[in-house]
Amino acid sequence: MAGASMDSAGESLANASHHIHEQLEASSRYWDLSDLLNITKNSQTNLSGLSDGDYPTLSNSSFDLASLQSVAPVKRIPLPQELVDQFNHMQCTCLMGLFTDIGRAFLTIDSTIFAWNYSDGSDLAYFDGLSEVILCVALVKPKPGLFQAHIKYLLVLTTPQQIVLLGVGLNDANGLACGEMHLQPQPLFAVSSDNVQHLTATGTQDGRIFLGGKDGCLYEVVYQAQDSWFQRKCRLVNHSTSALSYLLPSFLSFGSEGAVIQLAVDASRNVLYSLSESGTIHVYDLAANGQECTLVHRMTADQLVEYASLCSRDLDKKIFKPIVRISPILTTESQTLHFLAVTQAGVRFYFTTTKNGVEGRPTMLHLVHVRLPPGHSQSMSSVNLGAVHAACHREGSFLLCSPRREDVDVLWLMDNDSFPFCPTLAEAQHSVEISGRVWAVDSVPDETSGFLVGSMPRAQPMIFCQHVKPAPKFVLLTNQGTFIVTKLRPVDQLERLLLDSCGTDTPALQNFFRLYQPHEVCAMCLILACSGQPQVRALAEQAYLRYGGEPLMNLRFDVGGAESGVGTSTPQYASAPLPHRVPTTAGVIGSPWHPSTTTPQHATLGQSPAAGAAGSPFLRGAAAAAPATGVLGRSAAGPEVLYSHRLMGLIAYFSRLVGPLWSSQLLQSSAVRPGQTSNIQYFSTIDLDGINWMAEQIQRLNDFLDGNAALASALKLADSSSAKNFGTPSDQNVHQRLLRFMRPGGEAGDGSTAALLQQRQQKQQAEAVAAERNLLRDLSVLFHRTSEVLCLWRILCEYDLSMIVTNLTESHRNILKQMKFAHLIVDGKELCSALIAQLTKRFLSDHSATEAIGARLRQHCPSLYSADDSVVTQAAESLAVAKTKTSPAERQALLDKSLVLYSKVAHHLPLAAVCAQYTEVHFFPGLVDLCLVCANKRDPQSLALHHFRQQQPWDDAAGISAYKTRQDCYDCIMTCLNDLRSKSQATSVTTASSSPRAVDVSVQSATQHFDSTLNRVLASDDELMHIIVYDWLIKSGLSTRLLEVSSPFLDAYLTQAASKEPADAALGLLWKYYERTQNFAGAAQVLGQLAERPGTPNLQQRVEYLSRAVMCAKSCNLLTATAPAGQTLHDLEEKLEVARIQSQVQAALQLARPSLVDVQAAAADHALQALNSQLMDISKLYGDYADQFDLSECKLAIVHCAGHHDPGLVETLWRDIIGEELKQSRASSKDARAQSLSAKIVSLGQLYSQSQRYFPVGFLVKHLEEITARQGLPIGWVATALQQVGLSVTVLLNVYDRLFKSKDPCWQSAGRPLHVLNTIHMLLSSADLFTNLLPAERSALRQSYSQAVTSYLVELQSMVSQDAELLQTVAAFKTLQGQFHS
């Protein structure tokens, strides 16, 4: 159940995060400023401001929001009285300006400068250390690391004779307005002005200071800590002149353009712009590193006017000059537009400094767009800005100041915040009267966390970031005081509407939903419901539910082969059922800024801009600009779910809350200083303030959702009433009406068809409600997980994040370094657990600290640190304390306690880490028990064992999962056994194990621990664990140890292993196991299988297997004496005999192989391989091998084994055997040849002499004696050899007697007619002729031999030849005759 719950949560997180990711992707594709101005590459300068849609008003009939306020009441702070008194002492001149970075305004009177807090008129500071009139004042950042830490800024003061740099200190490290300002009494640097009056100054982020001279040149104050050989500590550098400047005529010099009156730095691109008194603009490239300064372009006022007049010949050229303000456009606002200039008439010039606006270093200054101020369109002809003398630009907001009366200025504020989804720049304009003459105007920096703002890829419309950014403020400085103007955010406007209406059922509120799109206003309602005052929260919640709409099933059809308007593939939002229907002029379609576009009849209140502007020529990739979509499962045709506005507003709000961190990496790292304990220091990419703010906002959102029963009931009501609502004509949308009109008969279609259609509509509406309910559930899971992860990250940052990360395993640390917050939230639970483990590990020795951290984690991170996790912490604490104990009893008690605690939460325990701890303390029994408990609890139904027994089918998902789960548990045991075995086999010089959990024990202790651990494992009743251990024993070469195991699982294991290939090792173990358990019949059967298996065993091994099988069968026969056992023994003996003959064939063929060539050699090699790989029957051995390769001895053996009686074949085989032997010994002496033949006859005779069939003595005597006679071999060797075989002299005398009496002429032809008689004489002369005979037998035999000798003498005497050999033979026989008669 736990696993299923985790899977469900993972699916919910994945589904919800997918919608968040899509929302963030859509928001990141918001239009660039160049898109809003309709600027394309390679286009000429274009013009805007002539159309009514460029400056729409909220009071027109489309919106009817004339009462909607855009600016809060202006706050006026009078000048400090001390300054008013100083005006009376002014002698020459005064200057006024703003330092908004530190919340200060300044006033110079002659040579004295005063600065005060413009928000309340407090903290007045001054500096009067100059003797000359101050011409210019600027506040710049110092070069990093050059001054002491308390110097936060440099105050640049220029006089006609010198330039002074003062140090500015603030007691607030962040440099915000709340800090107290301190001016250093003595200048840090002072440098001569070279008789040039410097009228303007500015600085860069890295501390460079630029000045604009009255001579039209650009200067830089270069300062450093110490003087050097070639450079002073502070000097003035002119960037507008060179060595050749003295050769140029005066009319070409910079001075001809007048004084430099304004400098502006683009910190995002490192570009400096200057404006001269004559209206000439210079562009300087500071290089990518910001350390250079090169003039790249210059544009005069006349050139600018000429370029601007090309846009429209009807416009008066006077409105294009003079320029009163220049301002860089940062990369966060536009990637292609770089620079902005404002004229006295309020005309804005947009420039680019690169070709086609591409990224790169500036090379030019090209005017790409001219924006006319309000008053040039037909409907706004009455508007007159007057002569603009001050201007300010900030992230899409423009402020222009012009005089209305002598002592009153008017502030014009223009922005597109009210029309964020218009594909062209549509700006609302507001005017506010300001008392006095405006000397300076600037925007007030907001105090939002740097990470929350800086992580945004570019400036977003206020509607996207109003949840984090405060209402923009602008400060104006006049001779009457300071005026703070606050521009209301859309959410501020909504709050005022709710409070003013004291309810939600008002036309103004409905029109407000139409203006900003319903899902966006729903997101605003969430902002108020989660952070506003109680009354505002209640009203916002009512508006959220009332105007949030319901989910719908959007039906789309292809009509006539083309997609109809009803079935448009563009995303749309479901409309909110309003009490008062209003014209659908919201968004882009039908709006006053695009009167040419038309509104489809199905357009709904507050629909997506991508849906409404699909046909607008102003939308290049409109879908990319859509900030959200309510469509799920969109296809070419068919139904699709349109989520309600409230759900899409919820997604939009949450995605913007987490947007700054969603795709950001978790960690930053840097090298630490020498002497630190680690090499790398890790930091969170988001600071604690950002974490706290985000965690608080998300927690408020969760509280709102968890405590809002109305939201859940709204879905239930929508589900239950969907059928009735669909049945009423007033509420049927265009899809249902279209279906009726498409049927034959129109509205009067068939009644049954209408009923079926209504049922289908009810079903689809129910499906839409169910889909929204499921998504809302998934979002809730994601919101809570995000809150928990943020809280965890906050706790980690508070308790030394770097140390915790360093202590992670290398794999976890590497993952964490690359991981983004989104991944940690969605699928980083394991990593969160590892971080929590390291956090709690730091305090295990401190019980109170452990309890405190555990309670905090359980409160804020219940799904990441549950009650079970608390038990794990207690167990870890017991384990940690056990390590410090010296008493064996106390140590063992604590270890046993930890085992009990760990066993309680075994289902989700970080088992590997715990086992590493147990290994460290040598608690191996606990390690084994814990792993087995974990395996059983995580697979209580033993699905893994069933999966294993079913041969591990691939489609058994549950079995595979359970098997993997158990395998993970068993791996910890196997790792321990491996480490113990490795240590037990190590020597004193063996290097340490590379395993991070290597056992640190002596060799002797390791051996003892290994034996006890293995025995504990084998004593368990976990069959699958036994199987894994058996496998390991076999692979580790511990088969002998395996055979010592007494387990009911071993027989089945070995049997199953023997049924799988390769099975040789398993069969080898199985017969040994049977033999050890005295199952001799089984052992004989397995050995027989091994002998007959093809492939791996060689022939010698097969013979050995059969020999052992015969022995086992005989042992079985002795024990049982049954007929089957006797038959098995007989079969095995026959197989063994054939196998031995096969071995003989193999040996003979190997002996003959060297003499074979070509085809015969190849055939012999193949035959040898075949003989060695399998057992063959007797016929195959004879026909395919012995006969084919003419192995006579083998053929004789095969004939003998088969019992085949063929005298002719046997004699032929003997003849071949003898002939082969003679052939092999032909180069030897006669004696040696006789000995060789004798040895062969003796060896074969001992095998076959018992059967006359296969050892034909008569044939062999005649054939061998004939060879002896013909080749002159020694006489008598044949008889001697046969005697060695075992034939008696009497038998031999009978054989030779028959041979002599046969009168074969071969002896004559061989020239040895007396050869047989000489052999007979030798036999009769044998000393053991009468040995071992009884007297009676000896007398009879003597008489028989005497008669034979007499017959031989008769034969000899009948021969006519009288040669010496004959006479000698006769004499020898007579001597024998005398011996037999005596």
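Residues numbered from 1 in each chain as written. Predicted model: local features only at pLDDT ≥ 70, side-chain atom pairs only at ≥ 80, totals over all residues. Heavy atoms only, no water.

Asker: Please clarify how the pattern of salt bridges should be interpreted in this entry.
Answerer: One side chain can pair with another of opposite charge once the charged atoms of both are near each other. A full pass over the atoms with the stated rule returns 42 salt bridges. K964 serves as the salt-bridge partner of D968, at 2.9 Å between the closest nitrogen and oxygen. Taken together, the residues D968 and K964, both in helix α28 (residues 957–984) and 4 residues apart, mark about one turn of the helix. With relative accessibility at 34%, the residue D968 sits in the partly exposed group. Judged by relative accessible area, which is 47%, K964 ranks as partly exposed. A salt bridge links K1195 to D1190, with the nearest nitrogen and oxygen atoms 3.5 Å apart. (Salt bridge = Lys/Arg side-chain N within 4 Å of Asp/Glu carboxyl O. Helix = DSSP H or I, 4+ residues; strand = E, 2+ residues; numbered from the N terminus. Buried < 20%, exposed > 50% of the residue type's maximum accessible area, 1.4 Å probe, protein only.)

Asker: I tried to follow the packing of aromatic side chains on my own but got confused; where do I start?
Answerer: Centre-to-centre distance and the angle between the planes together describe a pair of aromatic rings. Applying the stated criterion across every chain, the model contains 25 aromatic pairs. Ring geometry for Y918 versus F923: centroids 5.0 Å apart, planes at 80 degrees, classification edge-to-face. Both residues of the pair, Y918 and F923, belong to the buried class. Joined through ring pairs, the aromatic side chains of Y273, F320, F339, F349 and F351 make up one cluster. The side chain of R371 reaches across the aromatic face of Y55, ending 4.8 Å from its centre. Above the plane of the ring of Y547 lies R546, whose end atom (NZ or CZ) is 5.7 Å from the centre. (Phe/Tyr/Trp six-rings, centres within 6.5 Å; stacked < 30°, edge-to-face > 60°. Lys NZ or Arg CZ within 6 Å of the ring centre and 35° of its normal.)

Asker: Explain the environment of Q1308 to me, please; I cannot follow it from the model alone.
Answerer: Along the chain, Q1308 turns up in helix α45 (residues 1306–1309). Since its relative accessible area comes to 56%, Q1308 is described here as exposed. A C-alpha to C-alpha distance of 9.9 Å links Q1308 and A1269, two positions 39 residues apart in sequence.

Asker: Explain the sheet that holds strand β24 (residues 390–394) here, please?
Answerer: What the 4 strands build is an open sheet, ordered β24-β25-β26-β27; its pairing is antiparallel. Single-partner strands in this sheet number two, and they are β24 and β27 (428–435). Adjacent strand axes in the sheet meet at a mean angle of 20 degrees, parallel and antiparallel pairs treated alike. In this structure, strand β26 (residues 408–415) lies alongside β27, joined through 8 bridges in antiparallel fashion. In the strand pairing of β27, L413 is matched with H430. (Pairing = 2+ DSSP bridges. Axes fitted to C-alpha atoms, helices over the stretch in contact; angles between N-to-C directions.)

Asker: Sorry if this is basic, but what is going on with the packing of helix α26 (residues 924–938) against helix α29 (residues 1003–1018) here?
Answerer: Two quantities define a packed helix pair, namely the angle between the helix axes and the distance between the axes. Two elements in contact, α26 and α29, have axes whose closest approach is 9 Å; the angle formed by their N-to-C orientations is 25 degrees. One element, α26, and the other, α29, form an angle in the roughly parallel class. Considering how the two elements wind past one another, α26 and α29 form a crossing that is right-handed. The segment α26 lies against α29, with F924, P925, V928 and D929 engaging H1009, T1013, R1016 and V1017. (Parallel < 35°, antiparallel > 145°, perpendicular 65-115°, else oblique. Left-handed = near helix turned anticlockwise from the far one by under 90°. Contact = heavy atoms within 4.5 Å.)

Asker: How should the state of the cysteines be read in this particular structure?
Answerer: One covalent bond between the sulfur atoms of two cysteine residues makes up a disulfide. Tallied over the full model, the rule gives 0 disulfides. As a non-bridged cysteine, C791 has C861 as the owner of its nearest cysteine sulfur, 5.6 Å distant. (Disulfide = S-S within 2.5 Å.)

So, to be careful, I would describe these as geometric facts and stop short of saying anything about function.
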